[in-house]
Amino acid sequence: SIESPVPWSFDNPLPGWPLAALGSENGYEVILLTDTGRGARLPAGEIPLRGYQLLNRAEEERITGIVHAPPAGELLIVTAERFARRLRVAWVPQPPKPNTKGKVLVSRRPVVGVAAVQPGRPVWTLTETDLLPLDHETIPGDEDTTKTYQLRELPRGVKICGLL
């Protein structure tokens with residue numbers, strides 16, 4: 001018999017389509033966020049090769065953001081209505097077990113994106129017609145709140161589709 005490589009696959013394929021393929025560095029965290037503002041994080045090194053369901057979401061709820069960042073890093077969460085919240089990665093709770101509901105991180109909905117941010121580098125806002133820079137450093141970072149702040153530098157009527 002001739003031996004040949006066998007492509008990697010799941011024994012039981014997961015439903016749906018992949019939402020992200022992320023490279024990761026040792027010690028980084030993976031953060032998921034839904035359109036309803038719920039989120040959770042998990043150290044990338046703890047994700048088993050067989051797959052893992054971090055969040056239990058309702059059927060109509062969508063995952064709108066998946067990022068990886070260092071535990072000391074910061075995130076920016078943006079809603080479709082031009083509101084945002086800046087928070088530290090460590091403030092996103094790590095669920096005690098798989099398949100949990102996640103914690104509400106922002107109360108305004110719908111959430112359209114999350115981005116890992118770095119000082120001195122803009123976050124890019126993807127709209128229906130443009131790619132616009134967003135200065136995340138003007139948004140306060142408050143712990144233990146779901147409060148969001150209006151993004152005044154974006155023109156009224158702009159529909160935000162996501163973040164880069």
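Note: the structure precedes this text.
Computed from a prediction, not measured in an experiment: that's the story for all the values here.

A. Spotlight on the overall build of the protein chain. Across its full length, the protein chain carries zero helices and 11 strands. Overall, the protein chain shows an N-to-C arrangement of helices and strands of β-β-β-β-β-β-β-β-β-β-β. In terms of principal-axis extent, the alpha carbons of the protein chain reach across some 65 × 35 × 35 Å. The burial tally for the protein chain puts 38% of its 164 residues in the buried class. A separation threshold of at least 6 residues defines the contact pool for the protein chain, and within that pool the share at least 24 residues apart is 69%. Charge-centre separation for the protein chain: the mean point of 19 positive side chains lies 7 Å from the mean point of 19 negative side chains.

B. Layout of the side chain of Thr127. Looking at the secondary structure, you find Thr127 in strand S8 (residues 123-127). In this structure Thr127 comes out as buried when scored by relative accessible area, which is 9%. Here Asp130 takes part through its backbone nitrogen, which lies 2.8 Å from a polar atom of the side chain of Thr127.

C. View of the layout of surface pockets. Taken as a whole, the second largest pocket encloses approximately 170 Å³ of empty space. Lining the second largest pocket are Ala115, Ala116, Val117, Gln118, Arg121, Pro122, Val123, Trp124 and Leu164. Of all elements in the fold, only strand S7 (111-117) and S8 reach the threshold of two or more residues within the lining of the second largest pocket. Per-element accounting of the lining of the second largest pocket gives the leading share, three residues, to S7.

D. Unusual backbone geometry, seen in detail. Residue Arg109 is joined to Pro110 through a cis peptide bond whose omega torsion reads -5 degrees. Considering the arrangement of structural elements, one finds Pro110 in the loop between strand S6 (103-104) and S7. Despite not being glycine, Asn99 has its phi angle at roughly 65 degrees, a positive value. In this fold, Asn99 is placed in the loop between strand S5 (83-88) and S6. Looking at Asn99, the relative accessible area reads 36%, which means it is partly exposed. Backbone geometry at Asp144 places phi at a positive 55 degrees, although glycine is not the residue there. Relative to the helices and strands, Asp144 resides in the loop between strand S9 (131-134) and strand S10 (149-150).

Reading the values: the criteria
Along every chain, residues carry numbers that run from 1 in the direction the sequence is written. With the structure being a predicted model, the display of local features is reserved for residues of pLDDT at least 70 and the display and counting of side-chain atom pairs for 80 or more, all residues being used for whole-chain, interface and lining totals. Excluded from the side-chain calculation are hydrogens and water; included are all heavy atoms of the structure. Per the convention used, a helix needs a DSSP run of H or I reaching at least four residues, while a strand needs a run of E reaching at least two, with both numbered from the N terminus. Throughout, exposure labels follow a simple rule: accessible area from a 1.4 Å probe, protein chains only, divided by the maximum for the residue type, with under 20% read as buried, over 50% as exposed, and the rest as partly exposed. Note on definitions: a residue-residue contact is assigned when non-hydrogen atoms from the two residues lie within 4.5 Å. When charges are counted, Lys and Arg contribute as positive and Asp and Glu as negative, whereas His and the chain ends are disregarded. In this description, the location of a charge corresponds to atom NZ of lysine, CZ of arginine, CG of aspartate or CD of glutamate. Polar contact criterion, stated in full: a pair of N or O atoms within 3.5 Å, where within protein one must be able to donate a hydrogen and the other to accept it, and residues adjacent in sequence count only if both atoms are side-chain atoms. Throughout, the protein atoms alone are placed on a 1 Å grid, and a set of points is a cavity if a 1.4 Å probe fits but cannot get out or a pocket if it is open with protein on both sides within 12 Å along at least five of seven lines; lining residues have an atom within 4 Å of a point. Grid points are joined across faces, edges and corners, and a volume is the space filled by probe spheres set on the points.

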